[in-house]
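Residues per chain, in single letters:
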Amino acid sequence: MAVEIIIQVGDRAYWQEHFENKVFMRRIYRMLLEELQYQLPQFVVANAVVHMDEDSPHMHVVGVPVIENCTRGMKKQVGKSQLFTKTLLSEIQDK
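Residues numbered from 1 in each chain as written. Predicted model: local features only at pLDDT ≥ 70, side-chain atom pairs only at ≥ 80, totals over all residues. Heavy atoms only, no water.

Chemist: Please give an account of unusual backbone geometry that cites residues and values.
Modeler: For Asn69, which is not glycine, the phi dihedral falls at a positive 60°. With respect to the helices and strands, the residue Asn69 is situated in the loop between strand E3 (58-67) and strand E4 (77-78). (Helix = DSSP H or I, 4+ residues; strand = E, 2+ residues; numbered from the N terminus.)

What follows is the structure, encoded as structure tokens:
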């Protein structure tokens, strides 16, 4: 099971006014990806692609949520709902 996360900075209106700032986005998204991996090491990133060809630059991140020390079955399993709880998502988004 893989999970896709889409990260976007700014909206269409912002990028229509500040088109020239798109050149900085690859570096910014690289830093955001590093921070995501630091904050959530249980989310093993398989692929991350920045799309610059649409109205607003954004990054697609595909990864596998891995949980460890499971009590039933294998000790290490894929666990989207166990990893991505509402509380965790709110905490990450606030950071």
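Chemist: Give me the lowdown on the environment of Pro65, citing residues and values where you can.
Modeler: Inspection of the secondary structure puts Pro65 in strand E3. Other than its neighbours up to four places away in sequence, Pro65 contacts Met1, Val3, Gln42, Phe43, Gln77, Val78, Gly79, Lys80, Leu83 and Phe84. (Contact = heavy atoms within 4.5 Å.)

Chemist: Outline the side chain of Ser56, listing residues and values.
Modeler: Locating Ser56 in the fold gives a position in the loop between strand E2 (43-51) and E3. Side chain to side chain, Ser56 and Gln8 meet in a polar contact 3.0 Å long. One polar contact links Ser56 to Trp15, side chain to side chain, over a distance of 3.4 Å. When neighbours within four sequence positions are excluded, Ser56 is seen to be in contact with Gln8, Val9, Gly10, Asp11, Arg12, Trp15 and His51. (Polar contact = N/O pair within 3.5 Å; in protein donor to acceptor, adjacent residues only side chain to side chain.)

Chemist: How would you summarise the nonpolar core if you had to cite specific residues and measurements?
Modeler: Counting residues in each nonpolar core, the largest one holds 17 residues, and the members touching the most others are Leu40, Phe43, Met59, Val61 and Leu83. Counting residues per element, the ones that place at least two in this core are strand E1 (3-8), helix H2 (25-39), E2 and E3. The element contributing the most residues to this core is H2, with 4 residues. Excluding anything up to four places from it in sequence, Phe43 contacts Val3, Ile5, Leu36, Val61, Val62, Gly63, Val64, Pro65, Leu83 and Phe84. (Core = buried A, V, L, I, M, F, W, Y, C linked by side-chain atoms within 4.5 Å. Buried < 20%, exposed > 50% of the residue type's maximum accessible area, 1.4 Å probe, protein only.)

Chemist: Please provide a residue-by-residue account of the confidence of the model for the chain, values included.
Modeler: Scored by pLDDT, the chain has a mean of 88; 100% of the residues are at 70 or more. Averaged pLDDT values over the elements of the chain bottom out at 79 in helix H4 (residues 86-94) and peak at 95 in E2. (pLDDT = per-residue confidence, 0-100.)

Chemist: Give me the lowdown on the pattern of salt bridges, citing residues and values where you can.
Modeler: Inspection of the entire model under this criterion finds 1 salt bridge. A salt bridge links Arg12 to Asp55; its shortest N-O distance comes to 2.6 Å. Residue Arg12 is found in helix H1 (residues 12-17), and its partner Asp55 is found in the loop between E2 and E3; the two are separated by 43 residues along the sequence. Judged by relative accessible area, Arg12 falls into the partly exposed class, the value being 49%. Among the residues examined, Asp55 registers a relative accessible area of 45% and is labelled partly exposed. (Salt bridge = Lys/Arg side-chain N within 4 Å of Asp/Glu carboxyl O.)

Chemist: Can you explain a nonpolar patch on the surface? Please cite residues and give values.
Modeler: On the surface, a nonpolar cluster with roughly 400 Å² of combined accessible area is contributed by Val9, Val23, Phe24, Ile28 and Leu32. Secondary-structure assignment places Val23 in the loop between H1 and H2. For Val23, a relative accessible area of 65% gives the class exposed. (Patch = residues over 30% accessible without salt bridge, like charges linked within 9 Å, V, L, I, M, F, W, Y side chains within 5 Å. Areas by Shrake-Rupley, 256 points an atom, 1.4 Å probe, with all protein chains shown as cover.)

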